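# Examining the three-dimensional arrangement
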Amino acid sequence: MLLSTLTEQLTIRFGFKRAVEMIHEAGFDAYDASLMGQAFREFEGEDYADFARSMREYADALGIVCNQAHAPFGTSTGNPVRDEEIFRSVVRAMEVASILGAKCIVVHPNQHMLCIEHTEEIRAINLAFYRRLLPYCEQFGIKVAVENMWDCLPGSRKIIESACARPEEFCDYVDMLESPWIVACLDIGHVPLVGGSLKNMIHALGPRLQALHVHDNDYLSDMHTLPYTQKIPFDDVTTALAEIGYEGDFTYEADEFWLHFPNELVPDVLVFMEKVGRHLAGEIERKKKEMSR
């Protein structure tokens, strides 16, 4: 099981090359390439493919791999012209991720309408959206990982369910696409935000689950902070992952933990994050071995 963390905020602060270097220096096995927002700007020029190849060569020389990536989001607005622009940026992110060596790229479902009010319409839109990505999966040799989402009730800060928030719906999204190129990325933090059970979600996904976004929160806001600092029961999470025989990687999406530290302390914070992640990944493997006896 590879241990990795995302490059997003490190790239924004230090640049993509230094971000990869810092993740390697902290002891991580891999990095999750954040190919969205400000973190994607270095790949927006005409020479994006050459730049990606140079970053792949650099990472290979360091001895660190890109295990997964994250595409631009949100993936829809309801405006056909803007949505086509977003789609093309997702495709570029898929190409860049494949050059970097990623096995899969997380692509958020469309959620420009409230899913609690337009469940079937959003499902149909998303099935068409992901099907349109399948030829690019084959072209670039990369899987697309669907992620479970949340939304806010209009006019308030109340968090509500969105696409793939419920286990049965998440499984349906993956199964209805009927393709080995479509898998699930479970965002650990999103499940309790909508009142869900992590154990139930993990068991429902089973072998569909091939990627993780790991972070902690207080069940009230999407904090993206380090495990063991808030309320998520990570002992239960590691047990459930062991019970399904999870074979994917352990990937942080917890940048908020280090975001307010000054530059000179960030490397040390990353080292501590690596230790926590190594412990959690080790717990999954330890429990798997115990269950196989």
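Bear in mind the structure is a predicted one, so any value in this text is a computation, not a measurement.

Another point: the overall build of the protein. Check the secondary structure of the protein and you find 10 helices and 10 strands. By the compact-globule yardstick of 19 Å for 293 residues, the protein fits well, its C-alpha radius of gyration being 18 Å. Across its three principal directions, the C-alpha atoms of the protein cover 50 × 45 × 40 Å. Across the 293 residues that make up the protein, the buried fraction comes to 54%. Nonlocal contacts in the protein, meaning residues at least 24 apart in sequence, comprise 76% of its contacts between residues at least 6 apart. Total accessible area computed for the protein in this model is approximately 12,600 Å², and 51% of it derives from carbon and sulfur atoms. Across the protein, 27 positive and 46 negative side-chain charges occur, with their mean positions spaced 3 Å apart.

In the structure shown here, the tally under the stated rule is 12 aromatic pairs. Connected via pairs of aromatic rings, a cluster forms that spans Phe-16, Tyr-31, Phe-40, Phe-43 and Phe-51. For Lys-17, the ring lying beneath its charged end belongs to Tyr-58, and the centroid distance is 4.7 Å. Of note, Arg-132 hangs over the ring of Phe-87, and the distance from its end group to the ring centre comes to 3.8 Å.

All right, on to the sheet that holds strand β2 (residues 30–34) then. Judged by pairing direction, the sheet is parallel, and its 8 strands sit side by side in the order β9-β8-β5-β4-β3-β2-β1-β10 without closing on themselves. Only two strands of the sheet have a single partner each, and these edge strands are β9 (209–213) and β10 (250–252). Averaged over all pairs of adjacent strands, the angle between strand axes in this sheet comes to 30 degrees, irrespective of strand direction. As paired elements, strand β8 (residues 182–187) and β9 share 4 bridges and run parallel to each other. Residue pairing for β9: Cys-185 is matched across the bridge by Ala-211. Packed onto the sheet, helix α2 (residues 16–25) meets β1 (3–6) and β2 and runs at close to 150 degrees relative to β2.

If you add up the space inside the largest pocket, you get close to 420 Å³. Lining of the largest pocket is provided by 20 residues; of these, Glu-8, Phe-73, Asp-222, His-224 and Glu-253 occupy positions nearest its centre. Of the residues contributing to the lining of the largest pocket, the split by class is 7 nonpolar, 6 polar and 7 charged. Estimated volume of the second largest pocket: approximately 240 Å³.

Tallied over the full model, the rule gives 20 salt bridges. With a closest N to O distance of 3.5 Å, Lys-288 and Glu-285 form a salt bridge. Placement of both Lys-288 and Glu-285 in helix α10 (residues 266–291) is noted, with a separation of 3 residues, approximately one turn of the helix. Residue Glu-285 is classed as partly exposed on the basis of its relative accessible area, which comes to 26%. In this structure, a network of salt bridges that share partners links the residues Glu-161, Arg-166, Glu-168 and Glu-169.

In the structure shown here, the tally under the stated rule is 2 cavities of 30 Å³ or more. Of the volumes computed, that of the largest cavity is approximately 50 Å³. Listing elements by their share of the lining of the largest cavity, those giving two or more residues are α9 (234–243) and α10. In terms of residues, the lining of the largest cavity owes the most to one element, α9, which gives 4 residues. A per-class count over the lining of the largest cavity returns 9 nonpolar, 1 polar and no charged. By volume, the second largest cavity amounts to about 30 Å³. Together, Leu-6, Asp-32, Ser-34, Met-36, His-70, His-213, Tyr-252 and Glu-253 line the second largest cavity. Taken together, the residues that form the lining of the second largest cavity break down as 3 nonpolar, 3 polar and 2 charged.

Calculation criteria
Residues numbered from 1 in each chain as written. Predicted model: local features only at pLDDT ≥ 70, side-chain atom pairs only at ≥ 80, totals over all residues. Heavy atoms only, no water. Helix = DSSP H or I, 4+ residues; strand = E, 2+ residues; numbered from the N terminus. Rg over C-alpha atoms; globule rule 2.2 N^0.38 Å. Buried < 20%, exposed > 50% of the residue type's maximum accessible area, 1.4 Å probe, protein only. Contact = heavy atoms within 4.5 Å. Areas by Shrake-Rupley, 256 points an atom, 1.4 Å probe, with all protein chains shown as cover. Lys, Arg positive; Asp, Glu negative; His and termini not counted. Charge placed at Lys NZ, Arg CZ, Asp CG, Glu CD. Phe/Tyr/Trp six-rings, centres within 6.5 Å; stacked < 30°, edge-to-face > 60°. Lys NZ or Arg CZ within 6 Å of the ring centre and 35° of its normal. Pairing = 2+ DSSP bridges. Axes fitted to C-alpha atoms, helices over the stretch in contact; angles between N-to-C directions. 1 Å grid on protein atoms, 1.4 Å probe; cavity = no way out; pocket = protein on both sides within 12 Å on 5 of 7 lines; lining within 4 Å. Points joined across faces, edges and corners; volume = space filled by probe spheres on them. Nonpolar A, V, L, I, M, F, W, Y, C, P; charged D, E, K, R; others polar. Salt bridge = Lys/Arg side-chain N within 4 Å of Asp/Glu carboxyl O.

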